[in-house]
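Chain and residue survey
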Amino acid sequence: MKKALILLFLFMAFVANANEYYKAKIQLLSGDVKEGYAELPSNRILDGAIKFKESEKGKTTKFKNDDIDIILYTTEAGKYLFERRNTRIAIKSFGKEREKTYKSKSWLLVRFYDPLITYYWIGQTYLIDEEGDMVARTVDTSGTWADISLFYRRPGEDAPTLMASFSSITIIGAEKKFRKWAMLYFGEDNEIGQRIENKEFKIENMLELAKAYVAYKKKADGVNTIQE
């Protein structure tokens, strides 16, 4: 996916109605599962709950965001999974590795999944674009820039790790920082780390990097397929 198209997703006028309900399956942290119709999630400060109806014309109820584990939406274009998770950042500065896991949770849109790795987007809101795809959107209200944060998570990791972001403006040094963080995440002394160091992958290639990691791991195990 080209960066120009991704930036278009951020700022174009979407046809989806913010109050529209979509067929959804909500899994609560209690283990209960609710099936019906729900609004799309939001990471805006004042949006603390998901509106839900058991039928299209049913009574509206609310589930608090932090009571939900995952939501699976089904649209005419396909299925879209959202996870409610803490996120983390891991960096290497002045020769020392540092990491921080944030206490607050966010809604993450799964853009690619394989049992070996998941690739996520985080935005303020999520909408269906004109082509029927689920995309993230962040509106600039500060007079600076707006971005979509990009994360990876592998099995056994408690929280997705920030790798980079798609920004509405050019950030000097963004690609260098991405390579630094990605090499720290995947390790430097292996095929993937070397490919990152050789600038084979840019921020806009994070999907391809995730697939390359899957292929690398499966090749090591004698498996040559990638789950789309």
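Everything numeric in this text was worked out from a predicted model, so none of it was measured.

**Examining unusual backbone geometry**
- Phi angles above zero are rare outside glycine, and K199 is one such case at about 65 degrees.
- Topologically, K199 is positioned in the loop between helix 3 (191–197) and helix 4 (206–220).

**Some points on the side chain of N190**
- With respect to the helices and strands, the residue N190 is situated in the loop between helix 2 (174–186) and helix 3.
- A polar side-chain atom of N190 sits 3.4 Å from the main-chain carbonyl oxygen of G187.
- Here I192 takes part through its backbone nitrogen, which lies 3.0 Å from a polar atom of the side chain of N190.

**Some points on helix 2**
- Taking 1.5 Å as the rise per residue, helix 2 with 13 residues should run 18 Å; its terminal C-alpha atoms sit 18 Å apart, in good agreement.
- Residues F178, R179, W181, A182, M183, Y185 and F186 constitute the buried set of helix 2.
- Residue G187 follows helix 2 closely and has a positive phi angle near 95 degrees.

Parameters at a glance
Residues numbered from 1 in each chain as written. Predicted model: local features only at pLDDT ≥ 70, side-chain atom pairs only at ≥ 80, totals over all residues. Heavy atoms only, no water. Helix = DSSP H or I, 4+ residues; strand = E, 2+ residues; numbered from the N terminus. Polar contact = N/O pair within 3.5 Å; in protein donor to acceptor, adjacent residues only side chain to side chain. Expected span 1.5 Å × (residues − 1). Buried < 20%, exposed > 50% of the residue type's maximum accessible area, 1.4 Å probe, protein only.

In short, the description is geometric, and any link to function would need to be established separately.
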